[in-house]
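Residue-level structural notes
One-letter residues, chain by chain:
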Amino acid sequence: DQQVKQNSPSLSVQEGRISILNCDYTNSMFDYFLWYKKYPAEGPTFLISISSIKDKNEDGRFTVFLNKSAKHLSLHIVPSQPGDSAVYFCAASATDSWGKLQFGAGTQVVVTP
Amino acid sequence: NAGVTQTPKFQVLKTGQSMTLQCAQDMNHEYMSWYRQDPGMGLRLIHYSVGAGITDQGEVPNGYNVSRSTTEDFPLRLLSAAPSQTSVYFCASSYGISGANVLTFGAGSRLTVL
């Protein structure tokens, strides 16, 4: 039973527009959320994270929003660039989970010119 | 810095064969883990280690063994390969075990079991 769900397997967006990736979770013990980005034939790399005590975290073009009551988080990329074309994984962990992450299935983002 | 190094990058096995996927990190990270990535499933944790001599099972440990004799190395052993173990395997490490610790991943090992 997947505790972290990314219901959109793919997203196509024009260069310069906003990309919005969504992620839902079921485990109320999760208190830290991360987004990883993955290019083909490479390992995932960390993008941005948010603690459950916050509802927003921003890093340059990337902003993550957390709605704890809805158990929902989203990643906004503004403006989208061709280099953002990749698979994005949402991940979550709990304080007492010994660092174990639960990952979503990923969303393939394609940024078109 | 090399970061997390995985070998081999590609491997084809026949059902019943055994093999070891190697993982080494040069960042002096205490925490190391193995994930497998399958289409539509995301990354699932196989085994993890919080330090030399300490390992534990993750979400999908069946058919895999691990050991951690040094801080740097965390090999994953397939004792008798099955087609269901066809996947891409990622090794990852981090400084600590807090959920806030960011994982550094290797480039992956693609395994096909015929």
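Residues numbered from 1 in each chain as written. Chains lettered and ligands numbered in written order. Predicted model: local features only at pLDDT ≥ 70, side-chain atom pairs only at ≥ 80, totals over all residues. Heavy atoms only, no water.

**A look at the overall build of chain A**
- Along the backbone of chain A there are 0 helices and 11 strands.
- N-terminal to C-terminal, the α/β element order of chain A is β-β-β-β-β-β-β-β-β-β-β.
- Relative to its length of 113 residues, chain A is compact, with a C-alpha radius of gyration of 13 Å against a globular reference of 13 Å.
- When burial is assessed residue by residue, chain A has 47% of its 113 residues classed as buried.
- Within chain A, contacts between residues at least 6 apart in sequence are counted, and of these 54% link residues at least 24 apart. (Helix = DSSP H or I, 4+ residues; strand = E, 2+ residues; numbered from the N terminus. Rg over C-alpha atoms; globule rule 2.2 N^0.38 Å. Buried < 20%, exposed > 50% of the residue type's maximum accessible area, 1.4 Å probe, protein only. Contact = heavy atoms within 4.5 Å.)

**Quick look at the interface of chain B and chain A**
- In this complex, chain B contributes 21 residues to the contact, which on the side of chain A involves 20 residues.
- Of the roughly 1,700 Å² buried between chain B and chain A, counting both surfaces, carbon and sulfur atoms make up 63%.
- Where chain B packs against chain A, one counts 0 salt bridges.
- Counting across the chain B and chain A interface gives 3 residue pairs in polar contact (both at pLDDT 80 or more).
- Those elements that provide at least two residues to the side of chain B that touches chain A are strand S4 (31-38) and strand S5 (42-51) of chain B.
- Counting residues per element, the side of chain B that touches chain A draws most heavily on S5(B), at 5 residues. (Buried area = accessible area lost by both parts, 1.4 Å probe. Salt bridge = Lys/Arg side-chain N within 4 Å of Asp/Glu carboxyl O. Polar contact = N/O pair within 3.5 Å; in protein donor to acceptor, adjacent residues only side chain to side chain.)

**Observations concerning the nonpolar core**
All names here are of chain A.
- Within the largest apolar cluster, 24 residues are counted, with the highest numbers of intra-cluster contacts made by Phe33, Trp35, Leu73, Leu75 and Tyr88.
- Among the elements that make up this core, the one with the highest residue count is strand S9 (residues 86-94) (5 residues).
- Residues contacting Leu75, with those up to four places away along its chain left out, are Ser19, Ile20, Leu21, Trp35, Leu47, Ile48, Phe62, Thr63 and Tyr88. (Core = buried A, V, L, I, M, F, W, Y, C linked by side-chain atoms within 4.5 Å.)

**Details of a nonpolar patch on the surface**
- A cluster of nonpolar side chains, namely A:Ile18, A:Ile20 and A:Val78, defines an oily patch on the protein surface of about 230 Å² accessible area.
- Assignment of secondary structure puts A:Val78 in the loop between strand S8 (72-77) and S9. (Patch = residues over 30% accessible without salt bridge, like charges linked within 9 Å, V, L, I, M, F, W, Y side chains within 5 Å. Areas by Shrake-Rupley, 256 points an atom, 1.4 Å probe, with all protein chains shown as cover.)

**Comments concerning the pairing of strand S7 (residues 62-67) of chain A**
Residues and elements named next belong to chain A.
- With 4 bridges joining them, strand S6 (residues 56-59) and S7 adopt antiparallel strand pairing. Looking at the pairing, Glu58 lines up with Thr63 of S7.
- With antiparallel pairing between neighbouring strands as the criterion, S6 and S7 make up a hairpin whose turn holds 2 residues, including Gly60 at a positive phi of roughly 65°.
- Where S7 folds back onto S8 in an antiparallel hairpin, the turn is made up of 4 residues, including Lys71, whose phi is positive at roughly 55°. (Pairing = 2+ DSSP bridges.)

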